[in-house]
Amino acid sequence: MSRKKNGDGHTYEFRNGYRTVIKVKGIPFSATGKTEAEAKRNAKAKVKQANALNWGATPRGGKIPLDEFLMGWLEHEHQGEIAPSTYIRYVQLAKFHIIPELGRTALVKIDRNAVNCLMETMGRKGQSKRSIRQARALLSVCLNAAISHDLIGANPVGASRKIRIDRHEVDTLTREEVARVIKLAPNDTMRLRLELALLYGLRQGEALGLRWRDINFANKTMSIAKQAQTVDRERKLVDLKSKSSYRTFSLDEETLELLRSQRATVAQARLKTGADWEHNDLVLPGENGKPMASRWDYEQWHQALDNAGLPRRRLHDARHTCATLLLEDGVDIEVIRRYLGHSSVELTSRTYLHKSAKTVTRVSETVARIRRPGSNTAA
């Protein structure tokens, strides 16, 4: 096996051709080609161009300060691609952390050391690891956009120090506890809300943003198309965070019956309120038809746990419960990913595979059957 020449990088088959990745100063440069030689040649050309321009893709790119590009890109390009609450968070990170530290630095002058200094500064100011990681991610997406604008040739964030957050141990309910919580709910409205969380794994915003137009009683389906969020201190219906969040469920007869009961309950509330009712078409409306307050919803969840004699836990643990029970029942991890609306199966498996002891037991049973070829292979 021949040794790669220094600077040749790594070349591998990619789609209908080849792709070469060359790392320089910890920054990856990649290019594709129909042949290995063409891919290498294109990647080396990118490195050469970046080096000639002090790692900028154009002379203009070396002069634009980060704050000038970041805020314009965030408002005019990225805002339409993210949820309103995420946009507000990004603006805060930009104004209070990224710009004070790196704002007047030319895009081309930002290297991994500058990114590391930003994260260290945020840490000294008492910012959480989650906030620091969000700032790092925002800066990375921003610099990727700068690459697409031909302002710089590479993104240095990938070579900077990664922020690792301790995994929050999920606190799921057992199958028996789920049944007890739902059974002891004080009314059909609360019983429906609990089912959406524990049996269908809906996020809080998705459940509170569910509309009657999203329920098809004839086809027995429920589609997730909106979410309730707080925007500028007002509860509003907004688009979902990602394409994978848009999904459709098949409903069983018990859930459909709860939905029919809830439709009658909402109709009565609307008639009682009269002209003050806000027509948002919500399945689980708050006061006067407005999207329900998240805090009130959270309090109802805790009350349901109290009624069932169970310890209080995060509302998001209801979603974790749904996923864990599906996994233990043998549902494929890719199906669970789609069911939950995760963007990648890696996220699903990383969150849940370690949690389920039953899946490990099932594997050991399979191993035992493999040892005995003549044994019954039925699970």
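See above for the structure.
(A) Seen up close, the pattern of salt bridges. For the coordinates displayed, the defined rule picks out 17 salt bridges. Arg203 is the salt-bridge partner of Glu206, the closest N and O atoms lying 2.5 Å from each other. What makes Glu206 buried here is its relative accessible area of 2%. Among the ionic pairs, Lys226 bridges to Asp239, the shortest N-O distance being 2.7 Å. You can see Lys226 sitting in the loop between β5 (221–224) and β6 (227–231) and its partner Asp239 sitting in the loop between β7 (234–238) and β8 (247–250), a full 13 residues away along the chain. Here Lys226 falls in the partly exposed class, since its relative accessible area comes to 22%. Several salt bridges share partner residues, and in doing so they unite Lys220, Glu253, Glu257 and Arg260 into one network.

(B) Up close: the packing of helix α2 (residues 66–78) against helix α3 (residues 84–102). Across the interface, α2 lies against α3 with an axial gap of 10 Å and an inter-helix angle of 175°. Compared by their axis directions, α2 and α3 come out roughly antiparallel. Contact residues: Leu66, Asp67, Leu70, Met71, Leu74, Glu75 and His78 in α2; Tyr87, Tyr90, Val91, Ala94, Lys95, Ile98, Ile99 and Leu102 in α3. Considering only residue class, the contact of α2 with α3 consists of eleven nonpolar, one polar and three charged.

(C) Layout of the sheet that holds β8. Strand order in the open sheet formed by three strands is β4-β5-β8, with antiparallel pairing between adjacent strands. Edge positions in the open sheet fall to β4 (215–216) and β8, since each of these has one partner strand only. In terms of strand pairing, β4 meets β5 through two bridges, oriented antiparallel. Note that in β5 the partner of Asn216 across the bridge is Thr221.

Rules behind the numbers
Residues numbered from 1 in each chain as written. Predicted model: local features only at pLDDT ≥ 70, side-chain atom pairs only at ≥ 80, totals over all residues. Heavy atoms only, no water. Salt bridge = Lys/Arg side-chain N within 4 Å of Asp/Glu carboxyl O. Buried < 20%, exposed > 50% of the residue type's maximum accessible area, 1.4 Å probe, protein only. Helix = DSSP H or I, 4+ residues; strand = E, 2+ residues; numbered from the N terminus. Axes fitted to C-alpha atoms, helices over the stretch in contact; angles between N-to-C directions. Parallel < 35°, antiparallel > 145°, perpendicular 65-115°, else oblique. Contact = heavy atoms within 4.5 Å. Nonpolar A, V, L, I, M, F, W, Y, C, P; charged D, E, K, R; others polar. Pairing = 2+ DSSP bridges.

Everything listed here is a matter of geometry and, on its own, says nothing about what the molecule does.
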